[in-house]
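# Summary of the model geometry
Spelled out, the chains give:
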Amino acid sequence: MSGRRTSALIALALALVTVALLSVGHRQVGYVRDEGIYFVAGRTHARWLAEVARAPSKLADRPARDRAFAINHEHPALLKLLAGAAGRLLSQETGSNDGDPSVRGLAPVLPEGAAMRLPAQLLSGLAVALLFGAGRALGGGALAGLLAAGFYILLPRVWFHAGLHCFDAPIAAVTLAVVLAYRRALTSWRWGLALGPIVGLAISIKHNALFLPLLLGLHYLCCLGARWWRGRGRPRPGQLAPLWIASVAVLAPLTFYALWPWLWPAPIERLTEYFEFHLYHSWYNTEYLGVNYNRPPMPVSLPLVMTWATVPTALLMLAGCGLVIGLRDDARRSGGEGDAASDAPRFGAPLPRPGDRLDGLLLAIFAVFPIALISLPSVPIFGGTKHWITAYPFLALLAALAWGRLWQAVGISARGRRLQAVALVFVLTPSAWATLRGHPYNLSQYAPLVGGARGAADLGLTRGFWGHALVPALPALEELSEGTGASAPVYLHDLHELSRRQYEREGRWPTRLRPAGARKAQLGLLFHERHMLTYELELWEAIGPAPARVIELHDVPLTSVYARSARR
């Protein structure tokens, strides 16, 4: 079996294992705040898609189309469409609520929420496969590929987001795909032509992708400038406007437009509304080193400190070494490799010579830019580390590059390669162990050097958000509601009502419980965050100061359940 085929099979196996573990493991992860509205939108979008499949003429029915895509139209529809389709295909039978009809999939093998999370999980599996292949090439072996894949998916925060029906892990995966496709587009007209639709797919997932053409253009200009500076001549006409740029300029917007039916009738007006929503997005509360921030400016150091606090130090050191090595390699290249006429720049292959492509700079741009962008004090903070999750695949690739070069410098013998496998285990163990111990609360997990969740709590770092730490509390809520009569009013706190309804659709929400304000509630939920002290005091006054149940991560309270029966 050839090395390339073996590598492909390993990448496929890693992807499948990743998806399987995410699908099973994330049934313990509560539905986070944003997922509630995405579930509703996905079902609505998918019903429209099913109607169009039955009667294609309904594709032109603007009122029906607008009704289907008006919900959550501040985000593109692609991932929600995929989630809704997965629900209609794989969902076990659900209940209905508030006009949202029940669903039973054609092959009912998963709970509806798990089915709708599956497309995002598949994209995370794709990211793992791509990282293995690219890491193997950069680091010169399968162990480097395993390092790149493990660096990314074993991070507690990445693992948490990778299993959700949200846009953060998917956009990280597709951003990686875009960058790898762009690199191929510099030497292949086929990839140059394909790059535009791939960028369009990325923009159809999340607005982060709007930066991709600018960053790719910056890298390409640097390549042309370096080529000229090295005496390779001025850029030729085919290099100034190559195929990949034309493809991104034309096919990416068309793909984005085609995949978002909400834009079809009034693209300019609705795109303007879309941009304004994200430009003026509201701020969320964020605890950072013991201080609560809910308006600008944010500390410039926040993304750097949070990256240090959530990524094991050994991995960060490897990524830093890879950054230096990659940029040094770019500076040392002469750009003169290959003098054949076939290596001449062309419209479809503008940089065919390996020495003309600044691979180190490419990885550096995409590893550094997301973190630098969020460091700007005026950029809204409303989600923590997920804002720069797109940087992690490229930090992983830089680590793989450093891995290969450092072992090469050591000059280890063939017999000593076993030592590399042992070293790989040691490098990835802190991350894997933290993820295993933190599951299903990895949004609240921190790196070992910080002291995990307990050390982060002592430092005054964000404990959690989104109301995710709930699933183990559901049996406690049901037990505590017994003896309260036909219904028990419960205060939901930071659990979004639409997320609660998803539990209800799947038969997981205790039937006696109905939402109520804190002062009228017999039961109450509290998700511990610094800025939630007011709500905690309100619960103490209404129900009593002693929680009946507490969900903890390493002795750090995440969610408390209060009950009147627990009063002193």
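Look above for the structure.
The notes below deal with the structure included here. (Residues numbered from 1 in each chain as written. Predicted model: local features only at pLDDT ≥ 70, side-chain atom pairs only at ≥ 80, totals over all residues. Heavy atoms only, no water.)

### Things to note about the sheet that holds strand β5 (residues 523-527)
A sheet is described by the order of its strands in space; here five strands give the open sequence β4-β3-β5-β7-β6, paired in mixed fashion. With one partner strand each, in any of the chains shown, β4 (513-515) and β6 (549-553) form the two edges of the open sheet. Adjacent strand axes in the sheet meet at a mean angle of 20°, parallel and antiparallel pairs treated alike. Here strand β3 (residues 488-491) runs beside β5; their pairing, made up of two bridges, is parallel. Residue pairing for β5: Val490 is matched across the bridge by Leu523. (Pairing = 2+ DSSP bridges. Helix = DSSP H or I, 4+ residues; strand = E, 2+ residues; numbered from the N terminus. Axes fitted to C-alpha atoms, helices over the stretch in contact; angles between N-to-C directions.)

### Some thoughts on the packing of helix α2 (residues 33-54) against helix α4 (residues 78-90)
The N-to-C vectors of α2 and α4 enclose an angle of 75°; their axes lie 7 Å apart at closest approach. Taken together, the axes of α2 and α4 are roughly perpendicular relative to one another. When α2 is examined against α4, the residues Tyr38, Ala41, Gly42, Arg43, His45, Ala46, Arg47, Leu49 and Ala50 are found in contact with a partner set consisting of Lys80, Leu81, Gly84, Ala85 and Arg88. Each residue belonging to the contact of α2 with α4 can be placed in one class, and the counts come to seven nonpolar, three polar and four charged. (Parallel < 35°, antiparallel > 145°, perpendicular 65-115°, else oblique. Contact = heavy atoms within 4.5 Å. Nonpolar A, V, L, I, M, F, W, Y, C, P; charged D, E, K, R; others polar.)

### Some details on helix α21 (residues 497-505)
Since there are 3.6 residues in each turn of an α-helix, residues three or four apart along the chain are aligned in direction. Taken as a whole, α21 has its buried residues at Leu498, Ser499, Arg500, Gln502, Tyr503 and Arg505. Buried residues along α21 sit against α2, α5 (112-139), α20 (473-481) and β4. Following α21 by one or two positions, Gly507 adopts a phi angle in the positive range, close to 75°. (Buried < 20%, exposed > 50% of the residue type's maximum accessible area, 1.4 Å probe, protein only.)

### Concerning the nonpolar core
One finds Tyr152 and Leu195 to be the most contacted residues of the largest nonpolar core, which totals 117 residues. Ranked by the residues each element gives to this core, the list is headed by helix α17 (residues 392-410), at twelve residues. Non-local contacts of Tyr152, meaning those with residues more than four positions away in its chain, are made with Ala127, Leu131, Val158, Ala169, Ala172, Ile389, Tyr392, Pro393 and Ala396. Residues Ala83, Ala453, Ala469 and Ala488 belong to the second largest nonpolar core, which totals 29 residues. (Core = buried A, V, L, I, M, F, W, Y, C linked by side-chain atoms within 4.5 Å.)

### So, the packing of aromatic side chains
Applying the stated criterion to the full structure yields 15 aromatic pairs. Ring centres of Trp403 and Trp407 lie 5.6 Å apart, and the angle between their planes is 65°; on these two criteria the pair is classed as edge-to-face. Note that Trp403 and Trp407 are positioned in helix α17 at a spacing of four residues, about one turn of the helix. For Trp403, a relative accessible area of 5% puts it in the buried group. Their ring planes at 25° and their centres at 6.5 Å tell us that Tyr503 and Trp509 sit as a pair that is stacked. The class of Tyr503 is buried, set by a relative accessible area of 0%. One aromatic cluster in this structure is built from Tyr31, Phe39, Tyr503 and Trp509. (Phe/Tyr/Trp six-rings, centres within 6.5 Å; stacked < 30°, edge-to-face > 60°.)

### Considering the side chain of Gln239
With respect to the secondary-structure elements, Gln239 resides in helix α11 (residues 237-240). Judged by relative accessible area, Gln239 falls into the buried class, the value being 0%. Look past the residues within four positions of Gln239 in its chain and what remains in contact with it is Tyr220, Leu224, Arg227, Arg234, Pro345, Pro350 and Leu351.

### As for the pairing of β3
Residues Ala488 and Val490 line one face of β3 and the alternating positions Pro489 and Tyr491 line the opposite face, and both faces are buried. Direction of pairing for β3 relative to β4: parallel, over a ladder of three bridges. Bridging from a neighbouring strand, Val490 pairs with Pro515 of β4. Handedness of the crossover joining β3 and β4 through α21: right-handed. (Right-handed = clockwise from strand over helix to strand, strands pointing away.)

### Section: unusual backbone geometry
A cis geometry characterises the amide bond from His439 onward to Pro440, with omega recorded as 5°. Along the polypeptide, Pro440 turns up in the loop between α18 (417-438) and α19 (452-459). One non-glycine residue, Asp98, adopts positive backbone phi at about 50°. Looking at where Asp98 falls in the secondary structure, it is placed in the loop between α4 and α5. A relative accessible area of 59% means that Asp98 is categorised as exposed. The phi angle at Leu289 is positive, at roughly 50°, despite the residue not being glycine. Relative to the assigned elements, Leu289 resides in the loop between β1 (286-288) and β2 (291-293). Note on Leu289: relative accessible area 46%, which makes it partly exposed.

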